[in-house]
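# Fold and geometry: a report
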Number of protein chains: 2
Amino acid sequence: MRYSPSKENYLKTIFHLQEEEGVVTTNALARALDTSPASVTDMLKKLKTQKLLLYEKYKGFKLSLEGRKVALQIIRKHRLWEVFLVEKLRFGWEEVHEIAEELEHISSKKLVDHLDKFLDFPTTDPHGDPIPDANGKIPLIKQISLRDLPINIIAAVCNISDQSPEMLELLTHKGIGLGTKLEIKKKFSFDNSLELNIRNHQPITISENVARNVFVTHEE
Amino acid sequence: MRYSPSKENYLKTIFHLQEEEGVVTTNALARALDTSPASVTDMLKKLKTQKLLLYEKYKGFKLSLEGRKVALQIIRKHRLWEVFLVEKLRFGWEEVHEIAEELEHISSKKLVDHLDKFLDFPTTDPHGDPIPDANGKIPLIKQISLRDLPINIIAAVCNISDQSPEMLELLTHKGIGLGTKLEIKKKFSFDNSLELNIRNHQPITISENVARNVFVTHEE
DNA sequence: TTAAGTTTTTAGATTTGTCTAAATTTAAAT
DNA sequence: ATTTAAATTTAGACAAATCTAAAAACTTAA
Ligand SMILES: [Mn+2]
Ligand SMILES: [Mn+2]
Ligand SMILES: [Mn+2]
Ligand SMILES: [Mn+2]
């Protein structure tokens, strides 16, 4: 089955909100899709008719098994294209999301699978988000917030939860990117700001607010 | 300015028909786009309003300078993506057209230019068609039909004008592809069929109809 | 030069995805 | 338990791209 870009965007966004918030509301979905609540209701009815959504009016809604499957395929495509743009076409990680929003709707299944192979089956995208495999299975990645990293332990940045251009600009300026190896040297209890060491760099300071949005993995 | 996929397809198709036939008619365009003449007329009016088309009803139409510019950008994208699919993702040249029909509508200009660079600025697509540069300039390639190639002269296949799956299947079977070096050994005046030599192959025979659609370049 | 035939355009509908404004239902507060 | 407020859905409309059937304009050929 093939669905319109608009429907695919709905399914994908519902999936993300479901993950983050557990339950999704009409208003939240409208906000996320930058559209009106009335339009959302219209679309929910269509998605229900196509059995992509379980929906009772006024009672709430969630993806059906089929809807979830479609959403995961879109997410897979989105993230693979992001890898392609950064790894092969040398885009910066902050510019690729918008382009991937379009590329994710290219329909050919064969294309995605060839791309996956061409990229050597990556497991995370340039923002550290996991890439579902061809069956929609998401690799599990255990990560902690930089805020909770103990002092003097070397860790690698693996995800940035706030991916706004402002945040990415700040991180780029400080020399923090995906895969950056760093170590907390000091925590200031006054404002919970952190002083970090990055190899071959001057020590840098970041606020709690930044630290909360940077996720890292470290050896046991 | 950004145009809908549908409008882009109209512009591109008008451009191609203009090249091939000189003048384009409502019916021919409807046939090429697999739609009704009435729909074509509707769209022509819209394209005129947007100054992409010079159009007087019942009198005919042709692309404006701006329309031609847009068409060439779509063609550029289409052919670059085809190169990518064949060269990088290892698709067969007969499978890429359909996928490129979708990819050509991805809007990012920067994406196309990065792709162009990544592919090392190719001048022809996998079917031998020339790729317009970023300014819409098409490289000139002088080529002659295989039908008109003199005997005993080595030439390289550079273009196939009939790109139907049937034709491509036949050529693939005979071992003829883009870049194939070949030489006519005999012309049969009875039916104008040709006997060819291809390096490391048995001699093969092709009909006039096939030869007419295969274009080659050869040294002076 | 009139009649036929062909091509092109208009008229009127339909589908998809969207909107605003108004009504309805559910939830919260007095 | 009402009243008020918030969330959600309906009603009615619109733009884009398409359709079929019918009308209008051009072409061709007797
Ligand atoms: Mn999208
Ligand atoms: Mn991403
Ligand atoms: Mn297309
Ligand atoms: Mn081509």
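In short, a report on the structure. (Residues numbered from 1 in each chain as written. Chains lettered and ligands numbered in written order. Predicted model: local features only at pLDDT ≥ 70, side-chain atom pairs only at ≥ 80, totals over all residues. Heavy atoms only, no water.)

### Things to note about the protein's contact with DNA strand D
- In the vicinity of DNA strand D there are 22 residues, among which Y55 and K57 of chain A together with S4, T35 and S39 of chain B approach most closely.
- Backbone atoms, meaning sugar plus phosphate, form 71% of the atoms of DNA strand D positioned within 4 Å of the protein.
- Between DNA strand D and T35 of chain B, the relevant distance is 2.6 Å, taken from a phosphate oxygen to a side-chain nitrogen or oxygen of the residue.
- Looking at the surface near DNA strand D, the elements that each hand over two or more residues are α2 (26–33) and α3 (37–49) of chain A together with α1 (5–21) and α3 (37–49) of chain B.
- Among the elements that take part in the surface near DNA strand D, α3 of chain B stands out by supplying five residues, more than any other.
- In terms of residue class, the surface near DNA strand D is built from eight nonpolar, nine polar and five charged. (Near = heavy atom within 4 Å. Polar contact = N/O pair within 3.5 Å; in protein donor to acceptor, adjacent residues only side chain to side chain. Helix = DSSP H or I, 4+ residues; strand = E, 2+ residues; numbered from the N terminus. Nonpolar A, V, L, I, M, F, W, Y, C, P; charged D, E, K, R; others polar.)

### Thoughts on the nonpolar core
- Of all hydrophobic cores here, the largest spans 76 residues; its most connected members are L103 and L146 of chain A together with L103 and L146 of chain B.
- Sequence-distant contacts of L146 of chain B, defined by excluding residues within four places in its chain, comprise L182, I184, L194, L196, I206, A211, V214, F215 and V216 of chain B. (Core = buried A, V, L, I, M, F, W, Y, C linked by side-chain atoms within 4.5 Å. Buried < 20%, exposed > 50% of the residue type's maximum accessible area, 1.4 Å probe, protein only. Contact = heavy atoms within 4.5 Å.)

### Observations regarding the sheet that holds strand β6 (residues 193–198) of chain B
Residue and element names in this part refer to chain B.
- The strand order β3-β8-β4-β5-β6-β7 describes an open sheet built from six strands, whose pairing is antiparallel. Both edges of this open sheet fall to β3 (144–145) and β7 (204–206), since each of them pairs with a single strand only.
- The sheet contact formed by strand β4 (residues 154–160) and strand β8 (residues 214–217) spans four bridges and is antiparallel. Across the sheet, the residue bridging to N159 is F215, located in β8. (Pairing = 2+ DSSP bridges.)

### What to know about the relation of the copies chain A and chain B
- Between chain A and chain B, which share one sequence, the superposing operator has a rotation angle of 179 degrees and an axial displacement of 0.0 Å; the RMSD is 0.1 Å. Look at the turn and shift together and you get a two-fold axis relating the two. Nearest to the rotation axis, the C-alpha of L103 of chain A is located 3.9 Å from it, this being the minimum over chain A.
- An overlap of 100% is found between the interface residues of chain A and their copies at the interface of chain B, pointing to a shared contact surface. (Least-squares fit on C-alpha atoms with pLDDT ≥ 70 in both.)

### Re the protein's contact with DNA strand C
- Taken together, 22 residues lie around DNA strand C, and S4, T35 and S39 of chain A together with Y55 and K57 of chain B are the ones closest in.
- A distance of 3.1 Å is found between a phosphate oxygen of DNA strand C and a side-chain nitrogen or oxygen belonging to S6 of chain A.
- Note that a phosphate oxygen of DNA strand C is positioned 2.4 Å from one of the side-chain N or O atoms of S39 of chain A.
- For the surface near DNA strand C, the secondary structure elements donating two or more residues are α1 (5–21) and α3 of chain A together with α2 (26–33) and α3 of chain B.
- Residues belonging to the surface near DNA strand C are distributed by class as follows: eight nonpolar, nine polar and five charged.

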